[in-house]
Amino acid sequence: MGRYIVTICWSVVYMLIVGFIAAPLTENVFNLGEAAIIGVIFGVLFAAIIPTITAHSVKDKSEYTKLK
């Protein structure tokens, strides 16, 4: 469960930074709420997808290998 929390927190932070930089470049207004929601969505997706991908590429005895 900790993996999900850390991934979501970092994805929100990165999305806020990207949104803050990209908003003036695209001549839009930075919206904190939208950037946070998109960060949470990407965080959940990455936290669910990355262990599944690595379970197929690495042959070890971890709990994530059973995701096949």
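Here, the structure is the one placed above.
Residues numbered from 1 in each chain as written. Predicted model: local features only at pLDDT ≥ 70, side-chain atom pairs only at ≥ 80, totals over all residues. Heavy atoms only, no water.

**Some remarks on the layout of surface pockets**
For clarity, the threshold we go by: Only protein atoms enter the 1 Å grid used here. Points where a 1.4 Å probe fits but cannot escape make up a cavity, open sets with protein on both sides within 12 Å along at least five of seven lines make up a pocket, and a residue lines them when an atom lies within 4 Å of a point. Grid points are joined across faces, edges and corners, and a volume is the space filled by probe spheres set on the points. Secondary structure elements follow DSSP: runs of H or I of four or more residues count as helices, runs of E of two or more count as strands, with numbering from the N terminus. Side-chain classes are defined by residue name, with Ala, Val, Leu, Ile, Met, Phe, Trp, Tyr, Cys and Pro counting as nonpolar, Asp, Glu, Lys and Arg as charged, and the others, Gly among them, as polar.
Within this model, the largest pocket holds a volume of roughly 170 Å³. Contributing to the lining of the largest pocket are Met 15, Val 18, Gly 19, Ala 22, Ala 23, Thr 26, Val 29, Phe 30, Asn 31, Glu 34, Ala 35 and Ile 38. Looking at the lining of the largest pocket, the elements with two or more residues in it are α1 (2-25) and α2 (32-57). Per-element accounting of the lining of the largest pocket gives the leading share, five residues, to α1. Class assignment of the residues belonging to the lining of the largest pocket gives a composition of eight nonpolar, three polar and one charged.

**Side note on unusual backbone geometry**
Note the following rule: Classification of residues uses two cut-offs on accessible area relative to the type maximum, computed with a 1.4 Å probe and protein chains only: under 20% is buried, over 50% is exposed, and between them is partly exposed.
Despite not being glycine, Glu 27 shows a phi value in the positive range, around 55°. By the element assignment, Glu 27 lies in the loop between α1 and α2. The class for Glu 27 is exposed, based on a relative accessible area of 74%.

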